[in-house]
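Overview (structure and organization)
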Amino acid sequence: HEHEQGYAYNIIIDPKMAFGTGNHETTFLMISEILKLDLTSKELLDMGCGTAVLAILAHMKGAGRVVAIDIDNNALENIRLNNTNDIQVALGGAEQIPAFGTFDIVFANINRNILLNDIRHYSECMKPGAFLYMSGFYVQDIPAIEEECKHNGLALLSHTEKNNWAAVKVQKQ
C-alpha cells in the first residue's frame, strides 16, 4: 500500500514468496514486541527472517548488530530498499547461527515444529540473560513451546495473542 503519514517507522517490503509483510497476526505480534523495546546497541538475530521486516525494524530502532537468517533470499532486496545494508544476511537454517556468535535478543517467527526443533540452537547463541521472542504457532501450542524452552535453560516470561495466534517472550537463565 502507499506510504502513510504519522508513523515513526515506514518499511518498504516487496514480499515475493517470503513471509512477513506485517499483516499476519504473528508478524503483528512480533512487531508489537519490537516497538516496546529499547534496542540501542543490542545484538539481535532475526531467525527465519522471511522478508526481513523484523530485522529492518530492529535496525531502524538502533540495534547495534543485526543478523538475518532464512532459507529464502528475499531479505536482501528489502534490506536494500530500506537502506539498512549493514544487516548481515545468511542463507540457510539454524546451522548458520554459530558463525555469528552470541546475541542479546533473538526473534524467531517460523512455525511450531521448526521452533521446537531449533530452540536448542537459539539457546546456545543467547548471552546469559538474553531474550528470545517466538511466534508462528497457536495459543494451544504454548505448553509444548514452554516445555522445550525449560529443557534448554529458558524461562517463559509472558505471551501475547491475536486471533488464536501466539507470541512468547522467554529469557535465558
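Whatever comes next refers back to the structure up there.
A brief structural summary.

Conventions we followed
Residues numbered from 1 in each chain as written. Predicted model: local features only at pLDDT ≥ 70, side-chain atom pairs only at ≥ 80, totals over all residues. Heavy atoms only, no water. Phe/Tyr/Trp six-rings, centres within 6.5 Å; stacked < 30°, edge-to-face > 60°. Helix = DSSP H or I, 4+ residues; strand = E, 2+ residues; numbered from the N terminus. Buried < 20%, exposed > 50% of the residue type's maximum accessible area, 1.4 Å probe, protein only. Lys NZ or Arg CZ within 6 Å of the ring centre and 35° of its normal. Pairing = 2+ DSSP bridges. Right-handed = clockwise from strand over helix to strand, strands pointing away. Salt bridge = Lys/Arg side-chain N within 4 Å of Asp/Glu carboxyl O. Core = buried A, V, L, I, M, F, W, Y, C linked by side-chain atoms within 4.5 Å. Contact = heavy atoms within 4.5 Å.

Thoughts on the packing of aromatic side chains
Applying the stated criterion across every chain yields a total of 2 aromatic pairs. With a centroid separation of 4.8 Å and an interplanar angle of 10°, the aromatic rings of Phe 107 and Tyr 133 are classed as stacked. Of this pair, Phe 107 sits in strand 4 (residues 103-109) while Tyr 133 sits in strand 5 (residues 126-138), and the two are 26 residues apart along the sequence. Each member of the pair Phe 107 and Tyr 133 is classed as buried. If you follow Lys 162 out to its NZ or CZ, it ends over the ring of Phe 28, 3.7 Å from the centre.

What to know about the pairing of strand 2 (residues 65-70)
Counting buried positions along strand 2 gives 6 out of 6 residues, so the element sits mostly inside the fold. Of the two faces of strand 2, the one carrying Arg 65, Val 67 and Ile 69 and the one carrying Val 66, Ala 68 and Asp 70 are both buried. Bridging between strand 1 (residues 43-47) and strand 2 involves 5 bridges; their strand directions are parallel. Its bridge partner lying in strand 2, Met 47 is registered against Ile 69. Of the crossover connections in this fold, the one passing from strand 1 over helix 2 (residues 53-60) to the parallel strand 2 is right-handed. By the bridge criterion, 4 bridges tie strand 2 to strand 3 (residues 88-91) in an arrangement that is parallel. Looking at strand 3, one finds that Ala 68 is bridged to Val 89. With helix 3 (residues 74-81) bridging strand 2 and the parallel strand 3, this β-α-β connection has right-handed handedness.

Remarks on the pattern of salt bridges
Between side chains of opposite charge, pairing is possible as soon as their charged atoms come close. Scanning all chains against the criterion turns up 5 salt bridges. A salt bridge links Glu 43 to Lys 127, with the shortest nitrogen-to-oxygen separation between them at 2.5 Å. Within this pair, whereas Glu 43 is found in strand 1, its partner Lys 127 is found in strand 5, the two being separated by 84 residues in sequence. Classification of Glu 43 by relative accessible area gives partly exposed; the value is 22%. A relative accessible area of 23% places Lys 127 in the partly exposed class. Measuring nitrogen to oxygen at the nearest pair gives 3.3 Å for the salt bridge that ties Asp 104 to Lys 127. Taken together, the positions of Asp 104 in strand 4 and Lys 127 in strand 5 put the pair 23 residues apart, joining distant regions of the chain. What you see here is one network of salt bridges that share partners, running through Glu 43, Arg 65, Asp 104 and Lys 127.

What to know about the nonpolar core
One finds Leu 45, Tyr 122, Met 134 and Ile 145 to be the most contacted residues of the largest nonpolar core, which totals 28 residues. Where this core is concerned, the elements lending two or more residues are strand 1, strand 2, strand 4, helix 4 (112-125), strand 5, helix 5 (142-151) and strand 7 (165-172). The residues contacting Leu 45, other than those within four sequence positions of it, are Val 67, Ile 69, Ile 97, Phe 103, Ile 105, Val 106, Phe 107 and Cys 125. Of all hydrophobic cores here, the second largest spans 26 residues; its members include Leu 29, Leu 37, Leu 39 and Val 66.

So, the environment of Lys 172
With respect to the helices, strands and loops of the structure, Lys 172 is situated in strand 7. The spatial distance from the C-alpha of Lys 172 to the C-alpha of Gly 153 is 5.9 Å, given a sequence separation of 19 residues.

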